[in-house]
Amino acid sequence: MNGWLTVGLLVISNIFMTFAWYGQLKLQQMKVITSSTPLLVVILMSWGIALLEYLFMVPANRYGFHENGGAFSLMQLKVIQEVISLLIFTVFTIVFFRGEALHWNHFLAFCLLIVAVYLVFMDA
């Protein structure tokens, strides 16, 4: 159960982080903020969202780490987090930035990520 809890928390944290990093670009497209909005305001907005990300990321790593009774090594946690991050980013891009296209090289990159996950879980 710890493994699934960890993955679930990582998914939630990455949703918040994607919005913290790239949501301001969508807000600018929607004219909620403009390019003349002070950068400090945009940074503070992003930090507010990123705080929510940390409320899920820190427990995910804490509960997921094998030395705390979790299911994953530190390297496995990081690779899982990166794969989830790229998957969430891809969905975010498709849903919110419809002008961004996916190409064959993006799909190949995802296949290589699957290989990375396999390799990091392999017994050495």
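If you're wondering where the values come from, they're calculated on a predicted model, not measured in any experiment.

**Comments concerning the confidence of the model for the protein chain**
Right, so step 1: On average, residues of the protein chain score 91 in pLDDT, and 98% of them reach the 70 mark or higher.
Right, so step 2: The spread of mean pLDDT over the elements of the protein chain runs between helix α4 (residues 104-121), the lowest at 88, and helix α2 (residues 39-64), the highest at 95.

**Comments concerning the nonpolar core**
Considering soluble globular proteins, one finds that nonpolar side chains tend to be buried as a cluster.
Right, so step 1: L9, L10, M57, A60, F65, F72, L77, I80, I84 and I88 form the largest nonpolar core, which has 10 residues in total.
Right, so step 2: Mapped onto this core, the elements with two or more residues apiece are α1 (2-29), α2 and α3 (74-96).
Right, so step 3: By residue number, the principal contributor to this core is α3, which donates 4 residues.
Right, so step 4: In this structure, F65 is in contact with G70, F72, S73, L74 and L77, ignoring residues within four places of it in sequence.

**Side note on α1**
Right, so step 1: Helix length check: α1, at 28 residues, gives a terminal C-alpha distance of 39 Å against a target of 40 Å (1.5 Å per residue), a fit within 8%.
Right, so step 2: Maximal helix bending in α1 amounts to about 55 degrees, located at Y22.
Right, so step 3: Among the residues of α1, those classed as buried are G3, T6, L9, L10, S13, N14, M17, T18, A20 and G23.
Right, so step 4: Contacts from the buried residues of α1 go to α2 and α3.
Right, so step 5: Positive phi appears at K31, one or two residues downstream of α1, with a value of about 70 degrees.

Definitions and cut-offs
- Residues numbered from 1 in each chain as written.
- Predicted model: local features only at pLDDT ≥ 70, side-chain atom pairs only at ≥ 80, totals over all residues.
- Heavy atoms only, no water.
- pLDDT = per-residue confidence, 0-100.
- Helix = DSSP H or I, 4+ residues; strand = E, 2+ residues; numbered from the N terminus.
- Core = buried A, V, L, I, M, F, W, Y, C linked by side-chain atoms within 4.5 Å.
- Buried < 20%, exposed > 50% of the residue type's maximum accessible area, 1.4 Å probe, protein only.
- Contact = heavy atoms within 4.5 Å.
- Expected span 1.5 Å × (residues − 1).
- Bend = angle between axes of the 7 residues up to and from the residue.

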